[in-house]
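Overview (structure and organization)
Now for the letters of each chain:
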Amino acid sequence: MKFKDLGIHNPVLEGVEAMGFEEATPIQEQAIPVILNNKDLLACAQTGTGKTAAFLLPVLQKISDASGDGSINTLIIVPTRELAVQIDNQIQGLGYFVGVSSIAIYGGGDGSSWDNQKKALVKGADIIVATPGRFIAHINQEYVSLDTVKHFILDEADRMLDMGFYDDIKLIMKQLPQKRQNLMFSATMPANIKKLTNEVLKEPEQISLAMSKPAENILQAAFLTYDGQKAELLKHLLQARKMNSVIVFSSKKASVDQLTREFQKLGIQAEAIHSGLEQSKREKVLQDFTNKQIHVLVATDVVSRG
């Protein structure tokens, strides 16, 4: 279905077309009308199915239809810095013709990044994309007003609960006006999501898309190895299939660092990315990977959500 048939019109539609999007994905097709109708929503769909645009497009549409007063319209809470930056970049692309203002609020930077975040929060931005810890740090300084928030969005809600952000989310909610639209997006639907759903959402619509099958040209395979064999096996796969841009996920920071060192010893251009690195280093690694200066990015599982 075309985005215009879902109620998305200019200037937001111009941003969609400029980014090369034509047909809505299933999650977008189902979620956009619900959000435009001002209903609360609980949506469960796999990472990579277009969930971000599913909530950004209707929110941008509503911002473009209203006369902005320079206050905070939308608050998006996400689990990781990388996801905050990614969503902020998508806002800038999709909302280019709307003239929407946004900022990503996350920790790990220097003093100037804190000052820039403070200025944006005090002055007001249409959309705030924030990680819970850093946003609460700003709230505690008592210069953040959320009285004008009309949309409260929790993205990757299951991951935030896994990371222990439940109390932080509750604290942020206390600062919000009672009258608002609440949207919750999640890749999975564990039992603890139900408790959060009952506390955040009011008579929500629910969307749950079945796990999709991989495309026909996607190869899925499993290899059983000892830990010491992994690097050599991966090197063989990279060379055999002539892959020059690969992300390798591992569960722990220590194993990410170890695997990265092993790759480098084997002559593979690899770098690690995880929460133990300074933010400037993380951003540099991601930029180098995007620019093909790094062939292999070794990351912790949490990065897969961004």
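Below is a short write-up of the structure. Values in this document were obtained by computation on a predicted structure and should not be read as measured data. (Residues numbered from 1 in each chain as written. Predicted model: local features only at pLDDT ≥ 70, side-chain atom pairs only at ≥ 80, totals over all residues. Heavy atoms only, no water.)

**Quick word on the pairing of strand β9 (residues 270-273)**
Bridging between β9 and strand β10 (residues 296-300) involves four bridges; their strand directions are parallel. Residue pairing in the sheet places glutamate 271 in a bridge with leucine 297 of β10. The parallel pair β9 and β10 is bridged by helix α12 (residues 279-290), and the resulting crossover is right-handed. (Pairing = 2+ DSSP bridges. Helix = DSSP H or I, 4+ residues; strand = E, 2+ residues; numbered from the N terminus. Right-handed = clockwise from strand over helix to strand, strands pointing away.)

**A closer look at helix α11 (residues 253-265)**
Taking 1.5 Å per residue as the helical rise, α11 with its 13 residues ought to reach 18 Å, and the 19 Å between its terminal C-alpha atoms agrees with that figure. Among the residues making up α11, those that are buried are Val256, Leu259, Thr260 and Phe263. Seen along its axis, α11 keeps its buried residues to an arc of 105°; they face one direction. What points out from α11, more than 90 degrees from its buried face, is the exposed set Ala254 and Lys265. Close packing links the buried residues of α11 with α10 (230-240), β8 (246-250), β9 and β10. Following α11 by one or two positions, glycine 267 has its phi on the positive side, about 85°. (Expected span 1.5 Å × (residues − 1). Buried < 20%, exposed > 50% of the residue type's maximum accessible area, 1.4 Å probe, protein only. Arc of directions from axis to C-beta. Contact = heavy atoms within 4.5 Å.)

**Some points on the side chain of asparagine 73**
Along the chain, the position of asparagine 73 falls in the loop between α3 (51-65) and β2 (74-77). A residue is classified by how much of its surface remains accessible, and asparagine 73, at 12% relative accessible area, is buried. Setting aside chain neighbours within four positions, we find asparagine 73 in contact with Ile63, Ala125, Asp126, Thr148, Val149, Lys150 and His151.

**Examining the packing of α3 against helix α4 (residues 81-94)**
Two elements in contact, α3 and α4, have axes separated by 11 Å at closest approach and are oriented at 45°. As the angle between them shows, α3 and α4 are arranged oblique. Relative to α4, the crossing made by α3 is right-handed. Counting all contacts with α3, which are made through Thr52, Ala53, Phe55, Leu56, Leu57 and Leu60, the residues of α4 involved are Ile87, Gln90, Ile91 and Leu94. (Axes fitted to C-alpha atoms, helices over the stretch in contact; angles between N-to-C directions. Parallel < 35°, antiparallel > 145°, perpendicular 65-115°, else oblique. Left-handed = near helix turned anticlockwise from the far one by under 90°.)

**Digging into the nonpolar core**
In terms of nonpolar packing, the biggest core is built from 40 residues, with Leu41, Phe55, Leu57, Ile76, Ile87 and Ile127 touching the most fellow members. Every element with two or more residues in this core is listed here: α1 (12-18), α2 (26-36), β1 (41-44), α3, α4, β4 (127-130) and β6 (181-186). Not counting residues within four places of it along the chain, the set of residues in contact with isoleucine 127 comprises Val59, Leu60, Ile63, Thr74, Ile76, Ile91, Val100, Ser101, Ser102 and Ile103. Formed by 34 residues, the second largest nonpolar core is a distinct cluster that contains Ala120, Tyr143, Leu161 and Leu176. (Core = buried A, V, L, I, M, F, W, Y, C linked by side-chain atoms within 4.5 Å.)

**What to know about the packing of aromatic side chains**
One pass over the structure, following the stated rule, counts two aromatic pairs. Relative to phenylalanine 97, the ring of tyrosine 96 has its centre 5.1 Å away and its plane inclined at 85°; by these criteria the two rings are edge-to-face. In this structure tyrosine 96 comes out as exposed when scored by relative accessible area, which is 60%. (Phe/Tyr/Trp six-rings, centres within 6.5 Å; stacked < 30°, edge-to-face > 60°.)

**What to know about helix α8 (residues 166-174)**
All of the buried residues in α8 are Tyr166, Ile169, Ile172 and Met173. Projected onto a plane normal to the axis of α8, the buried residues spread over an arc of 125° and lie on a single side. In this structure, α8 carries Asp167 and Lys174 as exposed residues pointing more than 90 degrees from its buried face. Where α8 is buried, its residues meet β2, α6 (132-139), β5 (151-154), α7 (157-162) and α9 (191-200).

**Remarks on the sheet that holds β10**
Strand order in the open sheet formed by three strands is β8-β10-β9, and the pairing between neighbours is parallel. Each end of this open sheet is capped by a strand with a single partner; those strands are β8 and β9. Along the sheet, successive strands turn relative to each other by an average axial angle of 25°, direction set aside. Looking at chain direction, β8 and β10 are connected through five bridges and run parallel. Bridging from a neighbouring strand, serine 250 pairs with threonine 300 of β10.

**A few points about the environment of glutamate 82**
When you line up the elements, glutamate 82 lands in helix α4. Its relative accessible area of 10% is what places glutamate 82 among the buried residues. Along the backbone, glutamate 82 and arginine 282 are 200 residues apart, and their C-alpha atoms lie at a distance of 8.7 Å.

**Comments concerning the pattern of salt bridges**
Enumeration according to the criterion identifies seven salt bridges in this entry. Of the charged contacts in the structure, one is a salt bridge between lysine 39 and glutamate 205, with a shortest N-O distance of 3.6 Å. Remark: glutamate 205 occurs in strand β7 (residues 205-208) and lysine 39 occurs in the loop between α2 and β1; sequence separation between them is 166 residues. Judged by its relative accessible area of 35%, glutamate 205 falls in the partly exposed class. Put simply, lysine 284 and aspartate 288 hold a salt bridge, and the shortest N to O gap is 2.6 Å. Linking lysine 284 with aspartate 288, this pair stays in helix α12, spanning four residues, or about one helical turn. Owing to a relative accessible area of 12%, aspartate 288 belongs among the buried residues under this scheme. (Salt bridge = Lys/Arg side-chain N within 4 Å of Asp/Glu carboxyl O.)

Don't take any of this as a statement about function, it's just geometry.
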